[in-house]
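Given next are the chains, with one letter for each unit.
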Amino acid sequence: MKIGYARISTKEQSLSMQVDALKKAGCEQIHEEIASGSKTARPVLEEIMRNLRENDLLVIWKLDRLGRNLAHLIHLTTKLIEKKVGLISLNDPIDTSTAQGRMVFGIFASLAEFERELIRERTQAGLKSARARGRQGGRPKGLTQAAIEKSAIAEALYKNGSIPVKKIAEQLGISKTTLYLYLRYRNVDIGAKVNEPPNI
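As the structure is a computational prediction, the values presented were derived from the model and not from experiment.

Student: Would you take a moment to explain helix α7 (residues 176–185) for this structure?
Tutor: Each full turn of the α-helix corresponds to 3.6 residues, which orients residues three or four apart in the same direction. Taken together, the buried positions of α7 are Leu179, Tyr180, Tyr182 and Leu183. Down the axis of α7, the buried set is contained in an arc of 160 degrees. They therefore lie on one face. Buried residues along α7 sit against α5 (145–160) and α6 (165–172). Asparagine 187 sits one or two residues past α7 and shows a positive phi near 60 degrees.

Pasting the structure below:
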């Protein structure tokens, strides 16, 4: 059974676009929820997760409608895979009912773990350096946590080679200029695949 999940953050927003897309995708059930992206409690989603059965398909409009962040998204998707339930995101390259979709998700999971370790190492090194200079620990300039997570996803999709740069930027909700910034942040060689982007 195809089960759709649509979420908006506030009552001022509209669910109609998501619901229409889920209907078009053939969802037999569609559940709607109003909950902030950062809100932990999502009773509708929790109810869906409890009732899903083997071979069901959970369909969403975009990945950010499901998970609060990359770690939460991976947690939910792992639970779905364990229950043998597929996940399809209509506007992202994710369909865990296929081998390719599971591969992309595996890349996300590996990158998330790598990013956590990298952040931990950088934090420890930064504190050690600050102490050596006689300073208290502070937050260094750089990308936000959300941007770091997006940069990891951008790198994975870019290196996959099958998704155009413009499409990657659209799916991540960023400009091409910002995408190149993220790729440079992760030391990705972009010169061989695309024309050199403008200075940023």
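Student: Sorry if this is basic, but what is going on with the sheet that holds strand β1 (residues 2–8) here?
Tutor: Adjacent strands of a sheet form backbone hydrogen bonds with each other and so pair up, either parallel or antiparallel. A sheet is described by the order of its strands in space; here five strands give the open sequence β2-β1-β3-β4-β5, paired in mixed fashion. The sheet terminates laterally at β2 (29–34) and β5 (94–95), the two strands that pair on one side only. By the bridge criterion, four bridges tie strand β3 (residues 57–60) to strand β4 (residues 86–89) in an arrangement that is parallel. Bridge pairing in β4 links valine 59 to isoleucine 88. Running over the sheet, helix α1 (residues 16–24) touches β1, β2 and β3 and is turned about 170 degrees from β1.

Student: Would you explain unusual backbone geometry in this entry?
Tutor: For residues that are not glycine, phi is negative in most cases, and the peptide bond is trans in most cases. The backbone phi angle of lysine 84 is positive, close to 65 degrees, even though this residue is not glycine. Mapped onto the elements of the fold, lysine 84 is located in the loop between α3 (70–82) and β4. In this structure lysine 84 comes out as exposed when scored by relative accessible area, which is 54%. For asparagine 187, which is not a glycine, the phi torsion comes out positive at approximately 60 degrees. Mapped onto the elements of the fold, asparagine 187 is located in the segment after α7. Judged by relative accessible area, which is 72%, asparagine 187 ranks as exposed.

Student: Help me understand the nonpolar core in this model?
Tutor: The nonpolar side chains of a soluble globular protein tend to be buried with one another. Membership of the largest hydrophobic core comes to 35 residues, with the highest contact counts inside it found for Leu66, Leu179 and Leu183. Contributions of two or more residues to this core are made by β1, α2 (43–51), β3, α3, α5, α6 and α7. Residues within four places of leucine 66 in sequence aside, it is in contact with Tyr5, Arg42, Leu45, Leu58, Ile60, His72, Leu73, Leu76 and Leu87. Listed in part, the nine residues of the second largest apolar core include Ala6, Leu15, Leu22 and Val59.

The rules behind the values
Residues numbered from 1 in each chain as written. Predicted model: local features only at pLDDT ≥ 70, side-chain atom pairs only at ≥ 80, totals over all residues. Heavy atoms only, no water. Buried < 20%, exposed > 50% of the residue type's maximum accessible area, 1.4 Å probe, protein only. Helix = DSSP H or I, 4+ residues; strand = E, 2+ residues; numbered from the N terminus. Arc of directions from axis to C-beta. Contact = heavy atoms within 4.5 Å. Pairing = 2+ DSSP bridges. Axes fitted to C-alpha atoms, helices over the stretch in contact; angles between N-to-C directions. Core = buried A, V, L, I, M, F, W, Y, C linked by side-chain atoms within 4.5 Å.

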